[in-house]
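# Per-entry structural report
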Amino acid sequence: MTVPSDLVTPGTIRPASPDLLRSAFRRHAAGVAVITARGARGPVGFTATSLTSVSAEPPMISFGIGTGASSWPAVSGAEHVGVHILGEHQEELAATFARSGADRFGEPTAWRDGPQGVPVLDGVLAWLVCRVVGRVPAGDHRIVIAEVVLGDCPGAGRPLLYHQGRFGALRD
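Keep in mind that what you see is a predicted model, and the values were worked out from it rather than measured.

## Brief notes about the overall build of the protein chain
- On a plain count of helices and strands, the protein chain comes out with three helices and 12 strands.
- Dimensions of the protein chain along its principal axes, counting C-alpha atoms only, are 55 × 35 × 35 Å.
- Within the protein chain, the fraction of its 172 residues that count as buried is 37%.
- Partitioning the intrachain contacts of the protein chain with sequence separation of at least 6 by distance along the chain shows that 60% fall at a separation of at least 24.

Have a look at this one:
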């Protein structure tokens, strides 16, 4: 494919690689969510910036998870998952669920057993319980597609964002 020279900014053109993809997506702001599930050994969860609305009718979402992630074994067999939209005040919660080896459901994380046995986090902007309808292979990840069963939007405030490798907030 030939790209018109007036559309290419001077610089170093690099072939596709994991590093190029990471570098490009550091420039993409994304909302922050925590995905939870009930595993054989208890609740599991992870921070996700790949959450996407897929369909309004029926209401469906998707997210990506690495097959090497500690939460993958539970998510791979879960019938239901919890999706939690974090507020800008929840940077520490996002960091806890992103940190390898962290006690994600220990203090100070506030949560409860929700519908379908899904762990539901307290204090979030919104939470959904979703029925998993598909897990699509995508390289070293799986794209999980899930239908929203129920939820609530109890929180007020602005969303937590992830950009340039850091959590942040919207600016006016």
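## As for the packing of aromatic side chains
- According to the stated counting rule, one finds four aromatic pairs in the structure shown.
- Both rings, one in F105 and one in W111, keep their centres 5.1 Å apart while their planes meet at 70°; by these two values the pair is edge-to-face.
- Taken together, the ring pairs in this structure connect F97, F105 and W111 into an aromatic cluster.

What counts as what
- Residues numbered from 1 in each chain as written.
- Predicted model: local features only at pLDDT ≥ 70, side-chain atom pairs only at ≥ 80, totals over all residues.
- Heavy atoms only, no water.
- Helix = DSSP H or I, 4+ residues; strand = E, 2+ residues; numbered from the N terminus.
- Buried < 20%, exposed > 50% of the residue type's maximum accessible area, 1.4 Å probe, protein only.
- Contact = heavy atoms within 4.5 Å.
- Phe/Tyr/Trp six-rings, centres within 6.5 Å; stacked < 30°, edge-to-face > 60°.

Take it as geometry only, folks, not as evidence of what the structure does.
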